[in-house]
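If you want the building blocks of each chain, they are given just below.
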Amino acid sequence: MQPWHCNFVQAAVVLAGLSLSPAPLLAQTSPPLAEDEVRLLAETDARIQKARTAPLQIKVVNAQGKPLARTEVKVEHLRHDFYFGAGFDPRLRERPDETEVDRRHREHFLRLFNYATVHLYWGGYEPQKGQPQSAVRLQYIQWLKEKGLTPRGHPVFWNQDNVLPRWMMQDQPEPAAMRALMDERLREMSATVLPALADADIFNEVVQWERFTNNPMTRLMQAEGKVALVAHYLKEARRLNPQLKLVVNDYDRSAAFTRFVGELIKAGAPVDIIGQQSHMHDGPWTVRQTWEIVERHSTLGRPVLFTELSVLSGPRRKIDWRSRATDWHTDPENEAVQANYLEQFYRLLFSHSNCIGIVVWNYSDRGAWLGAPVGLLRPDGTPKPAYEKLDHLINHQWRTRGTFTTDPEGRLTLPAAYAGEYRLTVGGRVTNAWHRVAQPLQITLRQ
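Residues numbered from 1 in each chain as written. Predicted model: local features only at pLDDT ≥ 70, side-chain atom pairs only at ≥ 80, totals over all residues. Heavy atoms only, no water.

Student: Give a description of empty space enclosed by the protein that names residues and reports values.
Tutor: Tallying each qualifying case throughout the model produces three cavities of 30 Å³ or more. What the second largest cavity holds in volume is close to 50 Å³. As for the second largest cavity, its lining consists of Leu-120, Tyr-121, Trp-122, Pro-155, Val-156, Phe-157, Trp-158, Val-163, Leu-164, Arg-185 and Met-217. Counted by class, the lining of the second largest cavity contains 10 nonpolar, no polar and one charged residues. (1 Å grid on protein atoms, 1.4 Å probe; cavity = no way out; pocket = protein on both sides within 12 Å on 5 of 7 lines; lining within 4 Å. Points joined across faces, edges and corners; volume = space filled by probe spheres on them. Nonpolar A, V, L, I, M, F, W, Y, C, P; charged D, E, K, R; others polar.)

The structure is reproduced here in structure tokens:
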């Protein structure tokens with residue numbers, strides 16, 4: 001996240017009364033392609049087949065174990081192994097007073113995504129000292145799981161002034177007291193929300209933490225050393241949450257971020273995933289920039305998750321990161337630019353074997369950070385062209401489904417089945433199983 005980044009609930013509080021003066025509009029275009037970028041894109045489909053598919057083998061037998069020839073098997077790819085995610089909005093949940101706009105948002109959200117980020121900002125999580133709101137976050141997490149989504153958390157520790165609790169900023173605890181508060185937060189979360197998550201950003205935006213100076217967490221980091229402090233809490237998070245995937249997340253896309261994660265690993269810190277933000281309010285990244293970031297992070301032997309994606313469907317403008325615009329709107333011309341760019345971006349990252357997912361930060365313009373038109377849905381919940389393109393990729397082009405017939409030996413092989421969860425139906429019997437590139441599914445079904 002960029003400076004002054006907070007979720008839509010916090011933004012409404014933190015930015016109340018602030019306004020964004022009219023700013024000059026800038027042309028919103030996709031970057032021109034260089035020769036090497038054209039080649040990268042041309043090879044995308046071949047890389048996708050290699051990185052995301054594998055042979056799926058089925059054998060059908062009768063109750064006595066005899067192979068059944070010419071038997072129909074219905075194959076349904078229910079869920080991708082790759083994470084297609086978005087930030088969670090509490091308004092998605094069913095409620096008696098919901099509107100048609102709310103229902104449209106929920107329907108489109110559940111159709112496209114299998115992964116969602118639940119906000120754990122300290123200020124919203126513990127608005128009163130010693131009174132964490134873990135029960136509310138657990139309700140969000142449970143709702144996502146009931147809908148078939150995998151939940152992730154963001155973030156446990158971040159020294160951004162506006163997301164730390166007001167009581168903490170007023171008290172300005174000394175380093176020893178600040179460390180005790182961080183210890184208690186990690187203990188409490190490890191007993192409540194963290195075990196319910198698949199992964200979590202244990203630290204957010206650590207490369208340039210020093211930019212927040214009047215801050216008790218920054219002072220603690222300065223006193224103990226950034227690498228030492230972050231490594232300590234990553235080790236504690238692993239000790240308390242052995243099943244949780246630990247993420248270090250940052251908006252920095254330079255080599256400095258890769259070096260910092262490398263220093264953590266050298267210090268023995270358990271970094272499971274490198275979280276790369278990709279907010280593009282200042283303009284889309286080039287193909288080369290995107291690819292080089294994944295390649296550079298991949299040298300550390302850790303998977304890369306694109307945790308926060310923002311691509312405009314309105315004109316670019318000079319941004320005041322402390323304010324929220326009320327006059328920044330989507331438009332048809334820029335929606336087309338957004339759609340084409342996101343299709344390219346998703347295809348490129350889906351083709352990289354070390355990228356494990358992409359999370360759209362604001363799936364809708366309703367309540368979007370900075371008031372920017374970056375959603376896949378308009379404020380009324382209707383889909384933009386970008387949503388339609390991603391829906392085609394995720395739910396049609398990158399799916400394996402159909403009814404197939406076994407050969408004379410009762411076998412059926414799908415040579416390039418997309419990785420994920422499958423439902424296999426033979427006669428009246430239904431079997432669910434996971435198919436992964438590293439562990440291709442080989443299964444015997446009884447009719």
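Student: Before we move on, could you go through the side chain of His-281 and cite the residues and values that matter?
Tutor: Among the secondary structure elements, His-281 is positioned in the loop between strand 9 (273-279) and helix 12 (287-298). Overall, His-281 belongs to the buried group, its relative accessible area being 2%. (Helix = DSSP H or I, 4+ residues; strand = E, 2+ residues; numbered from the N terminus. Buried < 20%, exposed > 50% of the residue type's maximum accessible area, 1.4 Å probe, protein only.)

Student: Now, about the sheet that holds strand 16 (residues 429-435): what can you tell me, with residues and values included?
Tutor: The strand order 13-3-15-16 describes an open sheet built from four strands, whose pairing is antiparallel. At either margin of the open sheet sits one strand with a lone partner, and together these are strand 13 (401-405) and strand 16. When strand polarity is set aside, the average angle formed by the axes of neighbouring strands in this sheet is 25°. (Pairing = 2+ DSSP bridges. Axes fitted to C-alpha atoms, helices over the stretch in contact; angles between N-to-C directions.)

Student: Go over the packing of helix 13 (residues 332-350) against helix 14 (residues 385-397) with me, naming the residues and quoting the values.
Tutor: Running from N to C, helix 13 and helix 14 point in directions that differ by 30°, and their axes come no closer than 7 Å. In terms of axis orientation, helix 13 runs roughly parallel to helix 14. Crossing of helix 13 against helix 14: the hand is right-handed. Contacts between helix 13 and helix 14 involve Glu-335, Gln-338, Ala-339, Asn-340, Leu-342, Glu-343, Tyr-346 and Arg-347 on the former and, on the latter, Pro-385, Ala-386, Lys-389, Leu-390, Leu-393 and Gln-397. Of the residues contributing to the contact of helix 13 with helix 14, the split by class is seven nonpolar, three polar and four charged. (Parallel < 35°, antiparallel > 145°, perpendicular 65-115°, else oblique. Left-handed = near helix turned anticlockwise from the far one by under 90°. Contact = heavy atoms within 4.5 Å.)

Student: Before we move on, could you go through helix 11 (residues 255-266) and cite the residues and values that matter?
Tutor: Between its first and last C-alpha atoms helix 11 spans 16 Å; for 12 residues at 1.5 Å apiece the expected length is 16 Å, and the two agree. What helix 11 keeps buried is the set Phe-257, Thr-258, Phe-260, Val-261 and Leu-264. For helix 11, the arc enclosing every buried residue in end-on projection is 160°, short of the 170-degree limit, so these residues lie on one face. Helix 11 presents Arg-259 and Lys-266 as exposed residues on the side facing more than 90 degrees away from its buried surface. Tucked inside the fold, the buried residues of helix 11 contact helix 10 (226-240), strand 8 (245-250), strand 9 and helix 12. (Expected span 1.5 Å × (residues − 1). Arc of directions from axis to C-beta.)

Student: Got a sec to walk through the nonpolar core? Specific residues and values, please.
Tutor: Ranked by size, the top nonpolar core spans 115 residues in total, and within it Ile-58, Trp-122, Phe-157, Leu-194, Ile-202, Leu-234 and Tyr-346 carry the most contacts. Filtering out sequence-adjacent residues up to four positions away, Leu-234 remains in contact with Ile-202, Phe-203, Leu-246, Val-248, Leu-264, Ala-269, Pro-270 and Val-271. Core analysis: the second largest hydrophobic core is formed by five residues, Tyr-115, Val-247, Ile-273 and Leu-305 among them. (Core = buried A, V, L, I, M, F, W, Y, C linked by side-chain atoms within 4.5 Å.)

Student: Run through the pairing of strand 8, naming residues and quoting values.
Tutor: The element strand 8 is largely enclosed, with a buried count of five among its six residues. Across five bridges, the pairing between strand 7 (residues 199-204) and strand 8 is parallel. Bridged to Ala-200 within strand 8 is Leu-246. The pairing of strand 8 with strand 9 spans four bridges and is parallel. Residue pairing in the sheet places Asn-249 in a bridge with Gly-275 of strand 9. With respect to chirality, the unit in which strand 8 leads through helix 11 into the neighbouring parallel strand 9 is right-handed. (Right-handed = clockwise from strand over helix to strand, strands pointing away.)

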